[in-house]
Number of protein chains: 2
Amino acid sequence: MPKFNFISWLLNIGILLLSSALYAQVDPLPSWNEGPTKNAILQFVQTTTDKNSTHFVAPKERIATFDQDGTLWVEQPQYPQWYFTIDHLKSLATTPFSKFNKLLKALFKKVEILGQVPKQELTAILGLIDTGISVDSFRQSVNTWLNTAEHPDFHKPFTSLIYQPMLELIELLQANEFKTYIVSGGGQEFIRVYAEEVYQIPPEQIIGSAIQVKYENEDGRIVFKRTPDILFVNDKEGKAESIHLMIGRHPIAAFGNSDGDRQMLELTWANKGFALLVHHDDEKREYAYDKDSSVGKLTDAFMQEAKERSYTIVSIKNDWKILFPWQK
Amino acid sequence: MPKFNFISWLLNIGILLLSSALYAQVDPLPSWNEGPTKNAILQFVQTTTDKNSTHFVAPKERIATFDQDGTLWVEQPQYPQWYFTIDHLKSLATTPFSKFNKLLKALFKKVEILGQVPKQELTAILGLIDTGISVDSFRQSVNTWLNTAEHPDFHKPFTSLIYQPMLELIELLQANEFKTYIVSGGGQEFIRVYAEEVYQIPPEQIIGSAIQVKYENEDGRIVFKRTPDILFVNDKEGKAESIHLMIGRHPIAAFGNSDGDRQMLELTWANKGFALLVHHDDEKREYAYDKDSSVGKLTDAFMQEAKERSYTIVSIKNDWKILFPWQK
């Protein structure tokens, strides 16, 4: 039996206390439970930013791309932009003298049908309705809506339903000189309205589905008018293609949650980057869904691929201590 | 008659010497002659970056956009990309087994006609020829060409024909936390090959005419294949529209030299930004051209507008001490 060594014991305790104190002080991901997922993230950041690591990546190459719906904020029971579209259509329908209100009133008699229209078609409808509107007016509509609309289940503003663990992850990457992008199937212009305030991500780092705008000089005031022409749909292969267009480098980290993100994650993985997939498995605190959901569908094929390629898979149930900032 | 005050004289001389010494030490634009143009630039930078100035602009809003051909490098007697296109077509034509060489050889019998084809059409031809080529292969072609091709008059590599005064200006803005973009009618992919090395401008800050690429997984290797579809032509209104797409904010400074830049400068001016127009008036050291040139045409109407709106107009002849880095 080894003799009890008081000095050594004291030292060990001291080191233990010191390191936990330090850890508590610096843990950049407090809303993540300890475990392999959190470790994988921390290790990725550590090895890509440590000059002595063989995995070191120069700051200018540190590109991280985030899907938005279902990855950064709640996308159930419908994408937030879907609610905006519906509300916006409704407000247009009740605007006196709106050139659309006859059409829209007729449409809203069948609102239960409208509720089943896929997002992409709805966005196209909106694009059509908003043709000729300036980008500034559109942004104003979104802003007004964000300040008043509430999520149907959580009864909170949509921007309160950003995932706190993902916010910490974005912040960690930004603090380590990563350039963080949002790469969303949603409308680029819609996201730009709140992304800078909510994610600290500036408009030039927002990639979303985009419509063609038209430059106009209205008596010296320059406006961009929305047209009905879709420039690109930022989904699936489209996400990777617009990363090429807008960034021109491969991401070294990509974050998604559904089949729409499959190519973005593949692009990153193929370049030996860090690919992370959020799995919504927490029926109690949020929603549990994957292959059978029309919103944020995550097929078995993609899940299987993610496992085979050792993507980091987040179980919301197990990996996240809390989901939202207001639960702190 | 005031009495001569030796102390005061000494102090004045001292201040004079000190300030010129300091000035010599810090002059960020040594290739610019002293005068109103240089002063306008320095004043713009000073007032937008000084927190106590009423013109102060927060770093995140400091967007500066530069046209390339004729603004950052020599565009006469033909755009550099035009030479690349011709040389690239020629090399494809002589490649054994090229599926295009019959077509191209026939085309080159009429090379004197080809020489008069406008850049945009030539780019379209090239796009067609390079359909199915990966972006990486295309970048490699450009790179190889840049390392071997010479300008027909200067007998120097094209990247040696970047204007030294403009390089200093880019560097000055970058040092003052401006985000510098290239916004060129030329091909986005072409410019990305050398812009980071030559201008310290990363690929995500290159806006150019863009073709649609196609995402492909070739046995685990991800490639972007070039298609013949043009996504947008980055010229005139198109420049302002892609600034909206790619940046989403108005520039506070814009630099151009021809009618293709008119809307970009207007957009900037309309938002009380700094608009600068380079006028090629130096036949001796470069080329003198404006309204009668097919390359880099600067019409009287635009020049008139620039004067009425007090854009800063650079006379190469009067404002630039030297033109190129190798003249230092």
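Predicted, not measured: the structure shown is a model, and the values here were computed from it.

**Some remarks on the side chain of A:Ser209**
Residue and element names in this part refer to chain A.
Then step 1. Secondary-structure assignment places serine 209 in strand S3 (residues 206-218).
Then step 2. Judged by its relative accessible area of 17%, serine 209 falls in the buried class.
Then step 3. A distance of 2.7 Å separates a polar atom in the side chain of serine 209 from the backbone oxygen of glycine 185.
Then step 4. Setting aside anything within four residues of it in sequence, one finds serine 209 in contact with Ser184, Gly185, Gly186, Gly187, Gln188, Phe232, Val233 and Asn234.

**Some words on the packing of helix H2 (residues 36-49) of chain A against helix H8 (residues 164-175) of chain A**
The angle between the axes and the distance between the axes are what describe a pair of packed helices.
Residues and elements named next belong to chain A.
Then step 1. H8 packs onto H2 with a crossing angle of 15° between their chain directions and a minimal axis gap of 11 Å. Judged by the inter-axis angle, H2 sits roughly parallel to H8. Every pair of crossing elements has a handedness; the one defined by H2 and H8 is right-handed. Along the contact surface, H2 presents Ile41, Leu42, Phe44 and Val45, while H8 presents Leu169, Leu172 and Leu173.
Then step 2. Among the residues making up the contact of H2 with H8, the classes are represented as seven nonpolar, no polar and no charged.

**Comments concerning the sheet that holds strand S2 (residues 179-187) of chain A**
All names here are of chain A.
Then step 1. Strand order in the open sheet formed by seven strands is S4-S3-S2-S1-S5-S6-S7, and the pairing between neighbours is mixed. The strands lining the two open edges of the sheet, one partner per strand, are strand S4 (221-232) and strand S7 (312-315). Sheet twist, expressed as the average angle between the axes of neighbouring strands with direction ignored, equals 30°.
Then step 2. Of the strand pairs in this sheet, S3 and S4 are connected by eight bridges, and their pairing is antiparallel. What sits directly across from asparagine 217, in S4, is isoleucine 222.

**Here we look at the confidence of the model for chain A**
Do not read the predicted coordinates in detail wherever pLDDT is low.
Then step 1. Residues of chain A with pLDDT of at least 70 account for 81%, and the chain-wide mean is 88.
Then step 2. Across the interfaces of the predicted complex, the ipTM metric reaches 0.87, alongside a pTM of 0.88.

**Digging into the interface of chain A and chain B**
Then step 1. With 40 residues of chain A at the contact, the number on the chain B side is 40 residues.
Then step 2. With both chains or domains summed, chain A and chain B bury close to 3300 Å², and 55% of this area falls on carbon and sulfur atoms.
Then step 3. If you sort the residues of chain A by the area they bury against chain B, A:Tyr215, A:His244 and A:Leu245 come out on top, with a joint share of 21%.
Then step 4. Put simply, chain A and chain B have eight salt bridges between them.
Then step 5. The shortest N-O distance in the salt bridge between A:Glu196 and B:Arg249 comes to 2.9 Å.
Then step 6. The tally of links from chain A across to chain B stands at 29 residue pairs in polar contact (both at pLDDT 80 or more).
Then step 7. Tallied by class, residues from the side of chain A that touches chain B come to 18 nonpolar, nine polar and 13 charged.

**Details of the relation of the copies chain A and chain B**
Then step 1. Note on the identical chains: chain A maps onto chain B by a rotation of 180° and an axial translation of 0.0 Å, with an RMSD of 0.0 Å. Read as a symmetry element, the transformation amounts to a two-fold axis. Judged by C-alpha distance, A:Met246 is the residue of chain A that lies nearest the rotation axis, at 3.3 Å.
Then step 2. Both copies share a contact surface, since 100% of the interface residues of chain A are interface residues in chain B too.

**So, the environment of A:Asp229**
Residue and element names in this part refer to chain A.
Then step 1. Its location among the elements puts aspartate 229 in strand S4.
Then step 2. On the accessibility criterion, aspartate 229 (47% relative accessible area) is partly exposed.
Then step 3. When the C-alpha atoms of aspartate 229 and glutamine 212 are compared, they prove to be 5.5 Å apart, with 17 residues separating the residues in sequence.
Then step 4. The contact partners of aspartate 229, leaving out residues within four places of it in the chain, are Ile211 and Gln212.

**Quick look at the packing of aromatic side chains**
Then step 1. For the structure on display, the rule yields 40 aromatic pairs over all chains.
Then step 2. A centroid spacing of 6.2 Å and a plane angle of 50° characterise the contact between A:Trp145 and A:Phe190, whose relative ring orientation is tilted. With A:Trp145 in helix H7 (residues 135-148) and A:Phe190 in helix H9 (residues 188-199), the pair connects residues that are 45 residues apart, well separated along the chain. Across the pair, exposure class does not vary: A:Trp145 and A:Phe190 are buried alike.
Then step 3. For the ring pair B:Trp32 and B:Trp320, a centre distance of 5.8 Å and an interplane angle of 75° mean the geometry is edge-to-face.

**Notes on empty space enclosed by the protein**
Then step 1. All told, the structure shown has two cavities of 30 Å³ or more when counted by the stated rule.
Then step 2. Put simply, the largest cavity is a space of about 60 Å³.
Then step 3. What lines the largest cavity is A:Lys179, A:Tyr181, A:Glu204, A:Gln205, A:Met246, B:Lys179, B:Tyr181, B:Glu204, B:Gln205 and B:Met246.
Then step 4. Contributing elements (two or more residues each) for the lining of the largest cavity: S2 of chain A together with strand S2 (179-187) of chain B.

Rules and cut-offs
- Residues numbered from 1 in each chain as written.
- Chains lettered and ligands numbered in written order.
- Predicted model: local features only at pLDDT ≥ 70, side-chain atom pairs only at ≥ 80, totals over all residues.
- Heavy atoms only, no water.
- Helix = DSSP H or I, 4+ residues; strand = E, 2+ residues; numbered from the N terminus.
- Buried < 20%, exposed > 50% of the residue type's maximum accessible area, 1.4 Å probe, protein only.
- Polar contact = N/O pair within 3.5 Å; in protein donor to acceptor, adjacent residues only side chain to side chain.
- Contact = heavy atoms within 4.5 Å.
- Axes fitted to C-alpha atoms, helices over the stretch in contact; angles between N-to-C directions.
- Parallel < 35°, antiparallel > 145°, perpendicular 65-115°, else oblique.
- Left-handed = near helix turned anticlockwise from the far one by under 90°.
- Nonpolar A, V, L, I, M, F, W, Y, C, P; charged D, E, K, R; others polar.
- Pairing = 2+ DSSP bridges.
- pLDDT = per-residue confidence, 0-100.
- Buried area = accessible area lost by both parts, 1.4 Å probe.
- Salt bridge = Lys/Arg side-chain N within 4 Å of Asp/Glu carboxyl O.
- Least-squares fit on C-alpha atoms with pLDDT ≥ 70 in both.
- Phe/Tyr/Trp six-rings, centres within 6.5 Å; stacked < 30°, edge-to-face > 60°.
- 1 Å grid on protein atoms, 1.4 Å probe; cavity = no way out; pocket = protein on both sides within 12 Å on 5 of 7 lines; lining within 4 Å.
- Points joined across faces, edges and corners; volume = space filled by probe spheres on them.

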